[in-house]
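Given next are the chains, with one letter for each unit.
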Amino acid sequence: MEKQIRLADGRYIPALGMGSWHLAQGRHPISQELAALKRGLELNMSLIDTAEVYGNGESEILVGKAIARQRDDVFLVSKIAPNNAGNLESIKNACIQSLSRLGTDYLDLYLLHWRAGIRQLDLLVESFEQLKREGLIRAWGVSNFGVRDMEELLETPNGHACAINQISYSLFDRAAEHRLIPWSQQHGIPVMAYSPLGSSSQFTEESVLERIAQKYAVAPSAIAINWSMRNGMTTAIPESGTPAHIEENARALTIELDEQDLALLNRSYPLLS
Ligand SMILES: NC(=O)c1ccc[n+]([C@@H]2O[C@H](COP(=O)([O-])OP(=O)(O)OC[C@H]3O[C@@H](n4cnc5c(N)ncnc54)[C@H](OP(=O)(O)O)[C@@H]3O)[C@@H](O)[C@H]2O)c1
């Protein structure tokens, strides 16, 4: 059965998804990236994260091709940039343009990509709620919000409808464990871990990861990804433009790290003060 994470509104989303920040920008042949996304969907990585700013919309167009003819089997996430989030008209306009590039008429989740420049959150929340009422999005959330931002959000009318906070979280960046993750758990708001491989393929050189990976007969990436999802309240969105890497990453769904593995990883990747 597909592993899932419970959202604050009681709905469930896939525990493992795929990112798309660098896709459709010439890093790999486009046909290979399309095949990678489709392979991930076959392997139960049925959440795809994209954003209007990724490749100036090219990432959304590629994702649209990957989900064509299987839209309802995919949990689709896109993000609005703060410069488009100033009022309802521009928020709705940005959303409609994302939908058009993605070739769909709804998003499962729409996130504010980062907060910069947005002082009052009430207009943003009210606009997201309006998009929900119009059926353009099914849920909304935020990204790169710290504890203070989240507290302010919960004080905003309807702010409690925030489904998730997408943040940087990995073995290589554990800062969120200090305050944000405990706060999120306490308030029942799940986290979506971006850059779970540290935003690079260099992690394959890490010997501890390699050692634990051998124990489970998986690639080191599966260990790093599984670690970021280990608390049952975090979904992870590793990105890859190659089907072989996607297959390695999907194995994160098939393993469970034991106490000994976790202790070893904790020693090698300590939580820095
Ligand atoms: N909200 C935000 O501000 C924000 C910020 C950053 C990222 N994100 C989201 O999170 C997603 C993931 O983050 P990310 O792209 O920064 O980093 P990531 O997923 O941690 O790492 C991606 C890198 O790892 C490589 N890789 C993937 N699987 C691999 C494997 N099995 N073996 C070896 N290398 C592998 C990829 O190369 P290949 O393509 O060659 O596999 C790529 O270079 C993004 O695509 C985006 O959707 C959101």
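Model, not experiment: these values are computed from the prediction.

The rules we used
Residues numbered from 1 in each chain as written. Predicted model: local features only at pLDDT ≥ 70, side-chain atom pairs only at ≥ 80, totals over all residues. Heavy atoms only, no water. Near = heavy atom within 4 Å. Polar contact = N/O pair within 3.5 Å; in protein donor to acceptor, adjacent residues only side chain to side chain. Areas by Shrake-Rupley, 256 points an atom, 1.4 Å probe, with all protein chains shown as cover. Helix = DSSP H or I, 4+ residues; strand = E, 2+ residues; numbered from the N terminus. Nonpolar A, V, L, I, M, F, W, Y, C, P; charged D, E, K, R; others polar. Core = buried A, V, L, I, M, F, W, Y, C linked by side-chain atoms within 4.5 Å. Buried < 20%, exposed > 50% of the residue type's maximum accessible area, 1.4 Å probe, protein only. Contact = heavy atoms within 4.5 Å. Expected span 1.5 Å × (residues − 1). Phe/Tyr/Trp six-rings, centres within 6.5 Å; stacked < 30°, edge-to-face > 60°. Axes fitted to C-alpha atoms, helices over the stretch in contact; angles between N-to-C directions. Parallel < 35°, antiparallel > 145°, perpendicular 65-115°, else oblique. Left-handed = near helix turned anticlockwise from the far one by under 90°.

Colleague: Could you give me a rundown of the site of the ligand, with the residues and numbers involved?
Modeller: Taken together, 33 residues lie near the ligand, and D49, S199, E239, S240 and H245 sit nearest. Separating an oxygen atom of the ligand from a side-chain N or O atom of H113 is a distance of 3.4 Å. Here the ligand loses 93% of its free accessible area of 900 Å² to cover by the protein chains. At 3 residues, the largest contribution of residues to the shell around the ligand is made by helix 9 (residues 243-250). Residue composition of the shell around the ligand, by class: 8 nonpolar, 20 polar and 5 charged.

Colleague: How would you sum up the nonpolar core? Please name residues and give values.
Modeller: If you look at the biggest cluster of nonpolar residues, it comprises 88 residues, and the most contacted ones within it are L109, Y110, F128, M150, L153, I223 and L265. Once you skip the residues sitting within four places of it in the chain, L265 turns out to touch L171, V208, L209, I212, I223, W227 and L257.

Colleague: Outline the environment of V125, supporting the account with residue identities and numerical values.
Modeller: Its location among the elements puts V125 in helix 4 (residues 122-133). Linking V125 and A161, residues 36 residues apart in sequence, is a C-alpha distance of 8.6 Å. Every residue in contact with V125, bar those within four places of it in the chain, is listed here: W140, L153, T156, P157, N158 and G159.

Colleague: Lay out helix 4 in plain terms, naming residues and giving numbers.
Modeller: Compared with an ideal rise of 1.5 Å per residue, which puts 12 residues at 16 Å, helix 4 spans 16 Å between its outermost C-alpha atoms and is within 8% of the ideal. Turning to helix 4, its buried residues are L124, V125, S127, F128, E129 and L131. Here the buried face of helix 4 lies against strand 5 (75-80), helix 3 (88-102), strand 6 (109-112), strand 7 (140-143) and helix 5 (147-155). Two residues or fewer after helix 4 comes G135, characterised by a positive phi angle close to 80°.

Colleague: Mind laying out the packing of aromatic side chains, listing which residues take part and the relevant values?
Modeller: Per the counting criterion, the structure on display carries 5 aromatic pairs. Where F172 meets Y269, the ring centres are 5.5 Å apart and the plane angle is 90°; that geometry is what we call edge-to-face. Residue F172 is found in the loop between strand 8 (165-168) and helix 6 (180-186), and its partner Y269 is found in the segment after helix 10 (259-268); the two are separated by 97 residues along the sequence. By relative accessible area, which is 31% here, F172 ends up partly exposed. Grouping aromatic residues by their ring pairs yields a cluster made of Y110, F128 and W140.

Colleague: So what's going on with the packing of helix 1 (residues 30-42) against helix 9? Residues and values would help.
Modeller: As a packed pair, helix 1 and helix 9 sit with axes 8 Å apart at the nearest point and diverge in direction by 20°. As the angle between them shows, helix 1 and helix 9 are arranged roughly parallel. Note that helix 1 runs across helix 9; the crossing there is right-handed. Here helix 1 contributes Q32, A35, A36, R39 and G40 to the contact with helix 9, which in turn contributes P243, I246 and E247. For the contact of helix 1 with helix 9, the class distribution of residues is 4 nonpolar, 2 polar and 2 charged.

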